[in-house]
Amino acid sequence: MNTTSGSLMKSLPRSGRASLQIGLAVLGTLLILGSLVWFALVFTAMSPSESGFAEGLAIVVFGLYVLVGFVVLAAGLWIPQRDDDGIQFSPRQRRLLAYGAVAPVASVVVVPIGATISPPLTEPVLSILVACLVALVLSGPLATLLAVGLKLRSRIRR
């Protein structure tokens, strides 16, 4: 079955796909590292407050930036390559990258929609939604890191 993204990737020259893959991967990595460094700088310079609201807000905001960085990194590395251009991943690693790109986005979109629909339902449903949100948000970056780690391991063994 020919999809629009598949035909777009076929129409791009190999060096264009490699440039897009590496560019998005670098952008995602810079977003992750920049967010972590900026968070460390802001969090250490912050005066402690009694309520902890500012600290909690900083954790949430910079956590979202890191999550977006992982999604961009996974989406960039997921771009298919041929021959010797770009970084080629095995089918298993590509499934991990696909999961790493889709799971956090799905959790941030689907779980809040479920939370707005479920108020008439019981309290355990909300706790299940929160558990799903946490599991999907954490498993996406872990899948991306696992795919990159498996690729690095296969390169070292050569």
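For the structure, check the block above.
Because the structure is predicted, anything quoted here is derived from the model rather than measured.

A. Layout of the overall build of the chain. Per the secondary structure count, the chain includes five helices and zero strands. When the elements of the chain are put in sequence order from the N terminus, they spell out α-α-α-α-α. Taken over 158 residues, the chain has a buried fraction of 27%. Approximately 10200 Å² of the chain is accessible, and the part contributed by carbon and sulfur atoms is 73%.

B. Seen up close, helix H4 (residues 91-117). For H4, with 27 residues, the first-to-last C-alpha span of 37 Å sits near the 39 Å given by 1.5 Å per residue. Helix geometry: H4 is bent most strongly at Ser107, by close to 30°. Buried within H4 are the following residues: Gln93, Leu96, Leu97, Ala98, Gly100, Ala101, Ala103, Pro104, Ser107 and Val111. Along its buried surface, H4 packs onto helix H3 (53-78) and helix H5 (123-157).

C. Up close: the nonpolar core. Residues Ile32, Phe70, Leu73, Leu77, Leu96 and Leu97 are the most contacted members of the largest nonpolar core, which totals 14 residues. Sorting the residues of this core by element identifies helix H2 (14-45), H3, H4 and H5 as the ones contributing at least two each. Broken down by element, the residue count for this core peaks at five residues, all from H3. Not counting residues up to four positions away in its chain, the partners in contact with Leu73 are Leu24, Ala25, Gly28, Thr29, Ile32 and Thr144.

D. Just the environment of Arg95, in detail. Of note, Arg95 is situated in helix H4. In the structure, Arg95 is positioned 52 residues away from Ala147 in sequence and 8.7 Å away in space, judged by C-alpha atoms.

E. Expanded view of the side chain of Gln93. Locating Gln93 in the fold gives a position in helix H4. Sequence-distant contacts of Gln93, that is, excluding residues within four places in its chain, are made with Ala147, Leu150 and Lys151.

F. A nonpolar patch on the surface, seen in detail. Judged by side-chain polarity, Val105, Val109, Val110, Ile113 and Ile117 come together as a nonpolar surface patch covering roughly 450 Å² of accessible area. With respect to the helices and strands, the residue Ile117 is situated in helix H4. Classification of Ile117 as exposed rests on a relative accessible area of 58%.

G. Expanded view of the packing of H4 against H5. Direction vectors running N to C along H4 and H5 enclose 160°, while the axes themselves pass 8 Å from each other. With respect to their mutual orientation, H4 and H5 come out roughly antiparallel. Handedness of the H4/H5 crossing: left-handed. Looking at the contact of H4 with H5 residue by residue, the class counts come to 19 nonpolar, seven polar and two charged.

H. Spotlight on the packing of aromatic side chains. Per the stated rule, a full pass over the model turns up two aromatic pairs. Where Phe62 meets Tyr65, the ring centres are 6.3 Å apart and the plane angle is 55°; that geometry is what we call tilted. In this pair, Phe62 and Tyr65 are both assigned in helix H3, three residues apart and thus about one turn of the helix distant. Among the aromatic side chains, those forming a connected cluster through ring pairs are Phe39, Phe62 and Tyr65. When the ring centre of Phe89 is taken as origin, the NZ or CZ atom of Lys151, which lies over that ring, is 5.9 Å away.

I. Seen up close, a positive patch on the surface. Judged by side-chain charge, Arg92, Arg95, Arg153 and Arg157 come together as a positively charged surface patch. For the positive patch, the secondary structure elements donating two or more residues are H4 and H5. For Arg92, the location among the structural elements is in helix H4.

About the cut-offs
Residues numbered from 1 in each chain as written. Predicted model: local features only at pLDDT ≥ 70, side-chain atom pairs only at ≥ 80, totals over all residues. Heavy atoms only, no water. Helix = DSSP H or I, 4+ residues; strand = E, 2+ residues; numbered from the N terminus. Buried < 20%, exposed > 50% of the residue type's maximum accessible area, 1.4 Å probe, protein only. Areas by Shrake-Rupley, 256 points an atom, 1.4 Å probe, with all protein chains shown as cover. Expected span 1.5 Å × (residues − 1). Bend = angle between axes of the 7 residues up to and from the residue. Contact = heavy atoms within 4.5 Å. Core = buried A, V, L, I, M, F, W, Y, C linked by side-chain atoms within 4.5 Å. Patch = residues over 30% accessible without salt bridge, like charges linked within 9 Å, V, L, I, M, F, W, Y side chains within 5 Å. Salt bridge = Lys/Arg side-chain N within 4 Å of Asp/Glu carboxyl O. Axes fitted to C-alpha atoms, helices over the stretch in contact; angles between N-to-C directions. Parallel < 35°, antiparallel > 145°, perpendicular 65-115°, else oblique. Left-handed = near helix turned anticlockwise from the far one by under 90°. Nonpolar A, V, L, I, M, F, W, Y, C, P; charged D, E, K, R; others polar. Phe/Tyr/Trp six-rings, centres within 6.5 Å; stacked < 30°, edge-to-face > 60°. Lys NZ or Arg CZ within 6 Å of the ring centre and 35° of its normal. Lys, Arg positive; Asp, Glu negative; His and termini not counted. Charge placed at Lys NZ, Arg CZ, Asp CG, Glu CD.

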